[in-house]
Each structure stands twice: as C-alpha cells, then as structure tokens.
Number of protein chains: 2
Amino acid sequence: MTEKKELILETALKLFAEHGFDTTPTSQIAKEAGVSEGLIFRHFTNKEGLMDAILAMSEERMARHVKSIVALAEPLAKIHATIELPVKLFSEEREFWKLQFSLKWQKKYRGQSYRPSGYYLELVEVITDAFRQLGYAEPEKEVLLLVMLLDGLSNQLMQQPSEAFIEQTLSFLKSKYQQNKLKS
Amino acid sequence: MTEKKELILETALKLFAEHGFDTTPTSQIAKEAGVSEGLIFRHFTNKEGLMDAILAMSEERMARHVKSIVALAEPLAKIHATIELPVKLFSEEREFWKLQFSLKWQKKYRGQSYRPSGYYLELVEVITDAFRQLGYAEPEKEVLLLVMLLDGLSNQLMQQPSEAFIEQTLSFLKSKYQQNKLKS
DNA sequence: TAGTTTTGTAAGTGATTACTCACTTTTAGT
DNA sequence: ACTAAAAGTGAGTAATCACTTACAAAACTA
C-alpha cells in the first residue's frame, strides 16, 4: 500500500461519509487527495472498487471490537460492552461508521458487500448465550431487542449529541440490564 | 392536481425509494410514468422540488396516525399503539416510508426539509406523559429508549420480514411495557 | 366562439461524470 | 547499471444528467 493509495482511501472515506457515494465525484477525491484522477482507477479499477476497499476495512475494525467483547468473562459485562459498542465506534472513527450505517439503506449495498459479517453473527450468538446465562426467558428475542436498540442508538449518535447526553443514555440503557431485574 | 402530475409523483416515489434520489434520473421517471420529461419541470420546477412535494405528503400521513394515538384514553394503549406505528406505516405505504427513513442519513435532507415534524414532537410529549402516568421514574429517558427501539424496528422492517416475525416481535415488545412490570 | 391560461411535448444544450489512454517517472530485483 | 514492472500523470472522451425552449393541444372563461 503506497502513500498515495492510502491517501485516496482516506479522502474518499471522508467525502463519501460527508456527501454520499453517488454525489462525490472521483475528480473531487483526486483533487482533495492531491493526486491525479487516473490514479484512483489504476489502484481501484472503478469507483465501486474504491468503495469496496473502504468496506473491506470495516470487517477488520469490527473484528477487534467483537473479539474484545467475546473475551469478557461475565455475561452481564458482555451485554454492557455491546451497549457501549456504537458509542465506541462513533468516537473512534466517526466518518467511517456514519458511512457504514448510511449504506444499510442503499439498495446497491444491501445483500452485496454489506451483508451481515461473520463477526456480527458471532456477536449475536455470544450475546444470546449471555442472556441465557442470566436467566432471561427468551434470549433470542432479547438479542433482537438489543440489536434494535443499538440501531436506534446509532441513529441518535449521528446527530452529534453532547458527551453528557451520551453518558446519560448509556447508563440508562445499562440500568435496564442488571442482575437484580425481572427477566420475564 | 392533474392525472399526469399525480402519476409523476407516484412514479418518483417508487423509484426514489427503490434506487435513491441521486441515482434516479428524471428521464427514467418520465419514461416509467409515460410522460414527457419536460412536464416534471413544468410541475415541480426542478428535481428537488419533486422530492419536496413527496416529502410534503409525509406530514399529512403521519398526522393521521399521531392523531389517532393521541386520541386514545389509556396511557398504556398509547404506548402500545406507538410500538405498532412503524409496522403500520410500512404495511400501508412501504415505499414511501422506506424513502423517508433512508433520507435521515442523507446530509442534504437532514435539518432541511426533513426536520422533526410538529407531529413527531407532539407524539413525544404525549408518550412522555403516558410514561409518567404509568409511574415510570424517568419518563423522558423512557421515551428516548422507545424512539431508539422503534428506529431499530423500522430497520428490521426494511428487510421485509415475515408476518409471523413481525407478530412475534411486536407482542414481545409490548410485553416489555405492561402495568405489572417494574418501573425503575 | 374568441381569447387566455394551463397542460403537455420533442428536441435540444451545456455541464458534469466515470473512465481511458498514451505517456513519464519511480521503484525494485539481479 | 540494466531492466522490467509498478506508480503516477494529464489530457482526453463518450455518455449521461438536470434543465430549457419553442411550440402545440386542451381546458377554462367570457
């Protein structure tokens, strides 16, 4: 990976997240990266290839996070770590995950490059088990509920809320999942 | 509203929901509507004007639903009706709401045409009150949680789940909000 | 029915776009 | 140092796009 190739990737990520894939011309990417437009196509074949390369980074990054959650011993700790996941993703690589989430709604990337990754499925399994261990009556449904909740949380995070809001929301969510709670 | 004008709106809605705003050429809209391309601009000035006209319909439709929820007497009934809202929206006008939700992620329509409508704010107020009446300790936070949950549910509904899945999920969600539950 | 407005069309137009190509420069292996 | 491959450039190009314009048909109004 040459320096300029990496620069193209970073710039494209930034611009795609900011303006969207379709509304970001390759000419602009080249210009802001300080690179000839032709180089983009030398390295990534076409515009979609550029997007695919960006998407490929997603798997790796998500893998790190999922691994660290799976490694936790306590089932409750796993659930709490999962709740924190969206916030962590957005604080680390805001542009990247913004793009990632917006893609879910685009037909082109549904079912193709953006299919649920293996790590996502692993996380679901692990959390299902965590709910089971905690004595929840319907662990599969609880996971679905948690997934929906985190989707919604990501939605909130898109709007750049304050640190205080995030803190508050997070602890409220966690308070919903505690040892001494009803598990009907 | 002439027949052809309405035809343009319907066709544009369908295509925008299917392929996205930026990736749907006005030429295709005209072609599928069986209308000359120029007529689109006669009626809606430009492509964005067409989108705005579609968006304008959103307020009216949402208004109907919110009004019927607000009219309910029991606070718990209000909450359950709110839970059912996304499913109702998607079953009635799938394409329309798909477009609506995908717009949230597009910079162009965040904060502009797609700002939280008055009806949304009214619903939030009403549901906050419902939670308060039910004795929940932090009604404002409960509403936020419910909003996130329904965002996530809408996400699920995008993937065209089975009737059985919807039924199951809905009743599970409702079971989380019941009179005899903990209200910490 | 004459006149005016509205609705509709077909054929453009200039700008923009993703992508190519012929070419030069840099890098790396021997 | 020689050479071949890889990295990089910049000037195209064909296609597509949103939008315009000149004009005709239809619908309303008097």
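As shown above, the structure is provided for reference.
Residues numbered from 1 in each chain as written. Chains lettered and ligands numbered in written order. Predicted model: local features only at pLDDT ≥ 70, side-chain atom pairs only at ≥ 80, totals over all residues. Heavy atoms only, no water.

### Describing the protein's contact with DNA strand D
Quick reminder of the rule: We call a residue near a molecule or strand as soon as one heavy atom of that residue lies within 4 Å of the molecule or strand. The definition of a polar contact used here is a pair of N or O atoms within 3.5 Å, where within protein one atom must be able to donate a hydrogen and the other to accept one, and adjacent residues in sequence count solely through side-chain atom pairs. Going along the chain from the N terminus, every DSSP run of H or I of four or more residues is numbered as a helix, and every run of E of two or more is numbered as a strand. Following the grouping adopted for this structure description, the nonpolar residues are Ala, Val, Leu, Ile, Met, Phe, Trp, Tyr, Cys and Pro, the charged ones are Asp, Glu, Lys and Arg, and the polar ones are all others, Gly among them.
Taken together, 15 residues sit near DNA strand D, with K4, S36 and R42 of chain A together with T26 and K47 of chain B positioned nearest. Among all atoms of DNA strand D positioned within 4 Å of the protein, those belonging to sugar or phosphate total 55%. Side-chain polar atom of T2 of chain A to a phosphate oxygen of DNA strand D: 3.3 Å apart, as the coordinates give it. R42 of chain A has a polar side-chain atom sitting 2.6 Å from a base oxygen of DNA strand D. Those elements giving two or more residues to the surface near DNA strand D turn out to be α3 (37–44) of chain A together with α3 (37–44) of chain B. Counting residues per element, the surface near DNA strand D draws most heavily on α3 of chain A, which supplies four residues. Of the residues that constitute the surface near DNA strand D, the class distribution is four nonpolar, seven polar and four charged.

### Details of the packing of helix α8 (residues 139–158) of chain A against helix α9 (residues 163–176) of chain B
Selection criterion: Lines fitted to C-alpha atoms define the axes here, with helix axes fitted over just the stretch in contact, and angles between the N-to-C directions of these axes take values from 0 to 180 degrees. We call two directions roughly parallel when the angle between them is under 35 degrees, roughly antiparallel when it is over 145, roughly perpendicular when it lies between 65 and 115, and oblique otherwise. Contact criterion: two residues are considered in contact whenever any of their non-hydrogen atoms come within 4.5 Å of each other.
Two elements in contact, α8 of chain A and α9 of chain B, have axes separated by 11 Å at closest approach and are oriented at 85°. In terms of orientation, α8 of chain A and α9 of chain B fall into the roughly perpendicular class. Contacts from K141, E142, L144, L145 and M148 of chain A of α8 of chain A reach α9 of chain B at F165, Q168, T169, F172, L173 and K176 of chain B. Of the residues contributing to the contact of α8 of chain A with α9 of chain B, the split by class is six nonpolar, two polar and three charged.

### So, the protein's contact with DNA strand C
Taken together, 15 residues form the shell around DNA strand C, and within it T26 and K47 of chain A together with S36, R42 and H43 of chain B come nearest. The sugar-phosphate share of atoms of DNA strand C within 4 Å of the protein amounts to 54%. Taking E37 of chain A, its side chain carries an N or O atom lying 3.3 Å from a base nitrogen of DNA strand C. Contacts to DNA strand C include S36 of chain B, whose side-chain N or O atom sits 2.9 Å from a phosphate oxygen. Going through the elements one at a time, α3 of chain A together with α3 of chain B are the ones with two or more residues in the surface near DNA strand C. At four residues, α3 of chain B tops the list of elements feeding residues into the surface near DNA strand C.

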